[in-house]
Amino acid sequence: MRRVVFRVDESSQIGFGHMSRCRALADALVHAGAEVSFYCRGVRPATRAALQRLGVTVVDLVEEKAFLAQDWRSSVVVVDRKS
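Residues numbered from 1 in each chain as written. Predicted model: local features only at pLDDT ≥ 70, side-chain atom pairs only at ≥ 80, totals over all residues. Heavy atoms only, no water.

Draft legend 1. Spatial organisation of helix α1 (residues 17-31). With 15 residues, α1 extends 22 Å between its outermost C-alpha atoms, agreeing within 8% with the 21 Å of an ideal straight helix rising 1.5 Å per residue. For α1, the full list of buried residues reads H18, M19, C22 and A26. Along the long axis of α1, the arc covered by the buried residues comes to 80°, so they all point the same way. Pointing more than 90 degrees away from the buried face of α1 are the exposed residues A24 and H31. The inward-facing, buried residues of α1 abut β1 (3-8), β2 (35-40), α2 (45-54) and β4 (75-80). One or two steps after α1, the chain reaches G33, where phi turns positive at roughly 100°. (Helix = DSSP H or I, 4+ residues; strand = E, 2+ residues; numbered from the N terminus. Expected span 1.5 Å × (residues − 1). Buried < 20%, exposed > 50% of the residue type's maximum accessible area, 1.4 Å probe, protein only. Arc of directions from axis to C-beta. Contact = heavy atoms within 4.5 Å.)

Draft legend 2. Structural view of the packing of α1 against α2. Two numbers describe how α1 lies on α2: the axes approach to 10 Å, and their chain directions differ by 15°. The pairing of α1 with α2 is recorded here as roughly parallel in orientation. Handedness of the crossing formed by α1 with α2: left-handed. Residue-level contacts link M19, R23, D27, V30 and H31 of α1 to T47, A50, L51 and L54 of α2. Across the contact of α1 with α2, the residue classes break down as 5 nonpolar, 2 polar and 2 charged. (Axes fitted to C-alpha atoms, helices over the stretch in contact; angles between N-to-C directions. Parallel < 35°, antiparallel > 145°, perpendicular 65-115°, else oblique. Left-handed = near helix turned anticlockwise from the far one by under 90°. Nonpolar A, V, L, I, M, F, W, Y, C, P; charged D, E, K, R; others polar.)

Draft legend 3. Looking closely at the nonpolar core. If you look at the biggest cluster of nonpolar residues, it comprises 14 residues, and the most contacted ones within it are F6, V8, M19, V36, F38, C40 and L51. Mapped by element, the contributors of at least two residues to this core are β1, α1 and β2. When neighbours within four sequence positions are excluded, V8 is seen to be in contact with H18, M19, C22, F38, Y39, C40, R41 and D80. If you look at the next biggest cluster of nonpolar residues, it comprises 5 residues, including V5, Y39, F67 and W72. (Core = buried A, V, L, I, M, F, W, Y, C linked by side-chain atoms within 4.5 Å.)

As structure tokens, this is what we get:
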């Protein structure tokens, strides 16, 4: 099983397009058999619930360094966020 990790935030300041794109892709990946996780800041409760219903793990990211410090070599990492 392929592991796919999304690094995406959601907020009224950056908009919801980032999360919407990633959710659509995650849905297709889950249905194709991938193990999907989202590492995010500011995820709305409704979005969290929708992702969890898909079987996606949602990790609240407090600090970017924590995400960058992980070993992602065996994962596909998708980054969609405003810099």
